[in-house]
Amino acid sequence: MERSFRFLACLACVVPTGSCVRTKRETTGSLLSTDVHSAPAQRWSMQVPAEVCAEVGDAAVLPCTFTHPHRHYDGPLTAIWRVGEPYAGPQVFRCTAARGSELCQTALSLHGRFRLLGNPRRNDLSLRVERLALADDGRYFCRVEFAGDVHDRFESRHGVRLRVSAAPHIINISVLPGPTHAFRALCTAEGEPPPVLSWSGPALGNGSLSVPGQGHGHQVTAELPALTHDGRYTCAAANSLGHAEASVYLFRFRGGAGGTPAIALLLGALGFKALLLLGFLAAGAARRRQEHSVTQDTPPRRSPSAAGSHLCTVRSDIQHEVWLVQPSRFPGPCSQRLALSPPRTSILKSP
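Structural notes, computed from the coordinates. (Residues numbered from 1 in each chain as written. Predicted model: local features only at pLDDT ≥ 70, side-chain atom pairs only at ≥ 80, totals over all residues. Heavy atoms only, no water.)

## Remarks on the overall build of the protein chain
Here is step 1 of the chain: Secondary structure summary: the protein chain contains three helices and 23 strands in total.
Here is step 2 of the chain: Burial status across the protein chain gives 33% buried among its 351 residues.
Here is step 3 of the chain: Considering only contacts within the protein chain whose residues lie at least 6 apart along the sequence, 55% involve residues at least 24 apart. (Helix = DSSP H or I, 4+ residues; strand = E, 2+ residues; numbered from the N terminus. Buried < 20%, exposed > 50% of the residue type's maximum accessible area, 1.4 Å probe, protein only. Contact = heavy atoms within 4.5 Å.)

Given below as structure tokens:
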């Protein structure tokens, strides 16, 4: 009796409670013998968890292991992961391993976020998904293919369910005109589980109103109709992971004597801002013109060849004399000093 009790206690220790990862085993209904060394007791099978849970922005690991009817296989193989449905769903990852190699070369990784963690040579196809988004939520299927016979391949039929959760996030809030000159407010939030939306504002007093929203995937939209009071309206979104808020303001111009000062005040403020903008633009243009004028009036700098205390030696073809021109008397490079020398001169050297 005591031994039976210990056995039941051990079973209770290994059964997970409240866990999001549950293991599922899939096998073929009949033995596939494609090799003379096939083991009669083995057949194709795959072990995957029923579901894996993770949050947006994190990474998730999708476990997948398999068995095959060969005692040993070192030929070419291909590992594939699909999403949506087995056999026909779009591929998100694919890699191939050459004969005798344990390295599976990646041929496809959707958005570069899928990476093989397992080693197909050791019957492990586990996949890691980086930077999770709500769009990654779905069912994934692993598949392995051996080169050779068409039956030397196997794919998970039920797959693993990846559940991606996210705190609520308000993606749009706006006020739109409604019928009979009324206004209505719209709020759209995203999250998983889908968030519950509520409104608060002048028309609702000091309280808030939970509004049933229309869901589309992970998004929910709620409307607050007939806004009868001006002021601030706040939309709140909440689920089990968090809370988010966003606000919008409603201010309507009214006709009559009371409306004219408000309109004049608004137009005056807009005109003042426009004058400030024009002043900044004019000041910038004047500064650029002044800098351009200073640049044109600045005399050119002497070249390094004209600096120092050297002499330019020139010869007169008429008088056969040599002139030693000093830089202090004739500033500028030698080619410019020739214009100040006697006519028909030519440069001999410029030490």
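## Thoughts on the layout of surface pockets
Here is step 1 of the chain: Within this model, the largest pocket holds a volume of roughly 150 Å³.
Here is step 2 of the chain: Every residue lining the largest pocket is listed: Phe66, His68, His70, Arg71, His72, Tyr73, Asp74, Leu77, Pro120, Arg121, Asn123 and Phe146. (1 Å grid on protein atoms, 1.4 Å probe; cavity = no way out; pocket = protein on both sides within 12 Å on 5 of 7 lines; lining within 4 Å. Points joined across faces, edges and corners; volume = space filled by probe spheres on them.)

## Things to note about the sheet that holds strand S9 (residues 114–116)
Here is step 1 of the chain: Read across the open sheet, the three strands follow the order S4-S10-S9; overall the sheet is antiparallel. Among the strands making up the open sheet, the edge pair consists of strand S4 (60–62) and S9. Shown here is a sheet whose adjacent strand axes are inclined to one another by a mean of 25°, direction ignored.
Here is step 2 of the chain: Bridge analysis of S9 against strand S10 (residues 127–129) gives three bridges, and the strand direction is antiparallel. Across the sheet, Arg115 pairs through a bridge with Arg128, a residue of S10. (Pairing = 2+ DSSP bridges. Axes fitted to C-alpha atoms, helices over the stretch in contact; angles between N-to-C directions.)

## Comments concerning the pattern of salt bridges
Here is step 1 of the chain: Using the criterion set out here, one finds nine salt bridges in the structure.
Here is step 2 of the chain: A salt bridge links Asp136 to Arg113; the shortest N-O distance between them is 2.9 Å. Taken together, the residues span a long stretch of sequence, with Asp136 in the loop between S10 and strand S11 (138–146) and Arg113 in the loop between strand S8 (105–109) and S9 at a distance of 23 residues.
Here is step 3 of the chain: Relative accessible area serves as the criterion here: at 11%, Arg113 is assigned to the buried category.
Here is step 4 of the chain: A salt bridge links Arg115 to Glu130; the shortest N-O distance between them is 3.8 Å. Residue Arg115 is found in strand S9, and its partner Glu130 is found in the loop between S10 and S11; the two are separated by 15 residues along the sequence. (Salt bridge = Lys/Arg side-chain N within 4 Å of Asp/Glu carboxyl O.)

## Some details on the side chain of Glu145
Here is step 1 of the chain: Secondary-structure assignment places Glu145 in strand S11.
Here is step 2 of the chain: Classification of Glu145 by relative accessible area gives buried; the value is 18%.
Here is step 3 of the chain: Side chain to side chain, Glu145 and Arg143 meet in a polar contact 2.7 Å long.
Here is step 4 of the chain: Apart from residues no more than four positions distant in its own chain, Glu145 is found in contact with Pro76, Leu77, Thr78, Ile80, Asp152 and Arg153. (Polar contact = N/O pair within 3.5 Å; in protein donor to acceptor, adjacent residues only side chain to side chain.)

## Quick look at unusual backbone geometry
Here is step 1 of the chain: Note that the residue after Glu192, namely Pro193, is joined by a cis bond; omega there is 5°.
Here is step 2 of the chain: Its location among the elements puts Pro193 in the loop between strand S14 (183–192) and strand S15 (196–200).
Here is step 3 of the chain: Here His111, not a glycine, exhibits a phi torsion of approximately 60°, which is positive.
Here is step 4 of the chain: With relative accessibility at 62%, the residue His111 sits in the exposed group.
Here is step 5 of the chain: Backbone geometry at Arg131 places phi at a positive 50°, although glycine is not the residue there.
Here is step 6 of the chain: By the secondary structure assignment, Arg131 is in the loop between S10 and S11.

## A closer look at the state of the cysteines
Such a bond, covalent and formed between the sulfur atoms of two cysteines, is termed a disulfide.
Here is step 1 of the chain: A full pass over the atoms with the stated rule returns three disulfides.
Here is step 2 of the chain: Here Cys64 engages in a disulfide with Cys142; their sulfurs sit 2.1 Å apart. In this structure, the disulfide formed by Cys64 and Cys142 twists by about 75° around the S-S bond and is classed as right-handed. Taken together, the residues span a long stretch of sequence, with Cys64 in the loop between S4 and strand S5 (65–67) and Cys142 in strand S11 at a distance of 78 residues. (Disulfide = S-S within 2.5 Å.)

## Some points on the packing of aromatic side chains
Here is step 1 of the chain: Across all of its chains, the model carries four aromatic pairs by this definition.
Here is step 2 of the chain: Judged by centre distance (6.3 Å) and plane angle (25°), the ring pair of Trp44 and Phe66 falls under stacked. Remark: Phe66 occurs in strand S5 and Trp44 occurs in the loop between strand S1 (23–27) and strand S2 (45–49); sequence separation between them is 22 residues. In this pair, the class of Trp44 matches that of Phe66, namely buried. (Phe/Tyr/Trp six-rings, centres within 6.5 Å; stacked < 30°, edge-to-face > 60°.)

## Quick notes on the nonpolar core
Here is step 1 of the chain: Ranked by internal contacts, the top residues of the largest apolar core, which has 34 residues, are Met46, Leu62, Trp81, Phe93, Leu125, Tyr140 and Leu162.
Here is step 2 of the chain: With near-sequence residues (within four places) excluded, Tyr140 lies in contact with Leu62, Trp81, Arg82, Val83, Val92, Phe114, Gly159, Val160 and Leu162. (Core = buried A, V, L, I, M, F, W, Y, C linked by side-chain atoms within 4.5 Å.)

## Observations concerning the side chain of Ser174
Here is step 1 of the chain: Within the fold, Ser174 resides in strand S13 (residues 160–177).
Here is step 2 of the chain: The buried category is assigned to Ser174, whose relative accessible area is 19%.

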